[in-house]
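# Structural description and commentary
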Amino acid sequence: MIGSILGAGRAQSAETRGPAGRTFYYSGPLSDHFDGTRFFNPDRRAEPRGLGDVLKWRLTGARQNWPYPYPSPFAGARPLGLAPVGMRAILVGHATFLLQIGGLSILTDPVWSERASPFPNVGPRRYNPPGIAFDDLPRIDAVLISHNHYDHLDLPTIERLWRRDRPHIVAPLGNDAIIKARDPAIAVTTLDWGERTVLVPGATVSAVPAQHWSARTLNDRNHALWAGFVIEARGRTVYFAGDTGFGDGRIFTGIAARHGRIDLALLPIGAYEPRWFMAEQHMNPDDAVRAFQLLRAKQALGFHWGTFQLTDEAVDQPALDLGRALAARDIPSKRFPAARPGQIWSG
C-alpha cells in the first residue's frame, strides 16, 4: 500500500481502521484530513486557487522587480564538525536548512537545482547560489520533505543525496510514490500528521499539521499530504514549519501543547503578496511572529524568502516586514532574524 511505510502508530491496517480511499500516490484509511480521494485541511482553508484567480492575480498584481543576482553576504559556508552538545542551523536557501543536532546532519526540503520547476530552462530561477555547495555538505543522515511543490521537493537533489549518503528520507503520506517514480531504490519513510519515526536511538522526527496543499501536475492536486516536522534529539527540539498559512493559530498552539518548549522554530516569512491570494497558504512576517509567540519558542529563523521569486513582494520586503512585526511586539530582533543563505546559527 503506497505511503504506509514505517509510520509510528500505524499498526492497524486500512481494513481494520475503517473505509479506505486511493489517490494517484497513496491508498489508506479515511481521516479528518483525507476524504478517500484527496487530502484537505480540516477547516477547509488553503484550498488550491482556480485558473480564474490565478489570471486575476497575474493581470492585476503589482509584481516587484528583483535585482539579479541577489547574493548573500554569507555565501560559501563550510559546515563545521558536529558539536558534542547544542545544535547548529545553516540556511542553504529558500526552505533548505542544514540542521546539526544530536550528532546528526539533517536537511530540510533540499533544493540544489537552478530552478524550482519540472523544466530545466523554465520556471522560478535562483537569485543566489546555495549557501553551501553540494560537495561541501557533510554526510547527510536524514532528509525531511514537507510537501511536493517543486520549490520543496527537488527530485534531482534527492536522487543525488541518496546515491551519495543513503540518508533516512522522511515525507508526508503519498510523497514516497513521487520519489520512487524517479528511482524505485530510494527508501522513504512516510508519516501522517501526529506520527513519529526514530532516526537513531534518542532522536525522533514527528509530522505535524500544516495549512497548505500539494500538486506536481495539473491533475494531482492534494493527492499527497503536506506537513511540518518536529525534531527531538538530546533534549533539544526544532520545529520546521515547511509551507503553511497561519489560519486560526491552532496549528501552533497544538504543537506547543504536544511537544513542549521549542528551542528553535524555522518559520516561513516570504511569498505572501497579494494577501487575498496567498494568506491561507503562506504566512507573512506578522503571521510568523504570531506563530513564534504561540509556539513559545526560544529562538526562530525566518526562511522562504529571497531565493526564488514566487509572488509579488520585493526581494527584501520580508526582512523589512519582519523587523516591523518584531518591534511592534517588543521582541528583540536577534530572537527572530531573517536568515540568509550560508548564515550559521548556533545554540
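Located above this text is the structure these notes cover.
Now for a look at the structure at hand. (Residues numbered from 1 in each chain as written. Predicted model: local features only at pLDDT ≥ 70, side-chain atom pairs only at ≥ 80, totals over all residues. Heavy atoms only, no water.)

## Topic: the overall build of the protein chain
Scanning the protein chain from terminus to terminus reveals 8 helices and 15 strands. The C-alpha atoms of the protein chain give 19 Å as radius of gyration, which agrees with the globular expectation for 347 residues (20 Å, within 12%). Across its three principal directions, the C-alpha atoms of the protein chain cover 55 × 55 × 40 Å. Per-residue burial for the protein chain yields a buried fraction of 57% across its 347 residues. Within the protein chain, contacts between residues at least 6 apart in sequence are counted, and of these 70% link residues at least 24 apart. Element-wise, carbon and sulfur atoms account for 54% of the exposed surface of the protein chain, whose accessible area totals about 14,200 Å². (Helix = DSSP H or I, 4+ residues; strand = E, 2+ residues; numbered from the N terminus. Rg over C-alpha atoms; globule rule 2.2 N^0.38 Å. Buried < 20%, exposed > 50% of the residue type's maximum accessible area, 1.4 Å probe, protein only. Contact = heavy atoms within 4.5 Å. Areas by Shrake-Rupley, 256 points an atom, 1.4 Å probe, with all protein chains shown as cover.)

## Quick notes on the sheet that holds strand S5 (residues 104–108)
Spatially, 7 strands are ordered S8-S7-S6-S5-S4-S3-S15 in an open sheet, and the strand pairing comes out mixed. Each having just a single partner strand, strand S8 (188–191) and strand S15 (344–346) make up the two edges of the open sheet. Averaged over neighbouring strand pairs, the angle between their axes works out to 20 degrees when direction is ignored. One ladder, built from 3 bridges, connects strand S3 (residues 87–93) with S15; its direction is antiparallel. Opposite alanine 89, over in S15, you have tryptophan 345 as the bridge partner. (Pairing = 2+ DSSP bridges. Axes fitted to C-alpha atoms, helices over the stretch in contact; angles between N-to-C directions.)

## Points about the pairing of S8
Residues of S8 alternate between two faces, with Val188 and Thr190 on one and Thr189 and Leu191 on the opposite face, all of them buried. Note: strand S7 (residues 168–172) against S8, 4 bridges, orientation parallel. Paired with alanine 171 across the two strands is threonine 190, which belongs to S8. Crossover S7 to S8 through helix H4 (residues 175–182) is right-handed. (Right-handed = clockwise from strand over helix to strand, strands pointing away.)

## Let's talk about the sheet that holds strand S12 (residues 236–240)
The 6 strands are arranged S9-S10-S11-S12-S13-S14 in an open sheet whose pairing can be described as mixed. One side of each edge strand has no neighbouring strand; the edge strands of this open sheet are strand S9 (196–200) and strand S14 (299–303). Looking at each pair of strands side by side, their axes are set apart by 20 degrees on average, direction ignored. In this sheet, strand S13 (residues 264–268) lies alongside S12 in parallel orientation, the contact comprising 3 bridges. The residue bridging valine 238 from the neighbouring strand is leucine 264, located in S13. Helix H7 (residues 285–295) contacts S12, S13 and S14 of the sheet and is inclined by roughly 155 degrees relative to S13.

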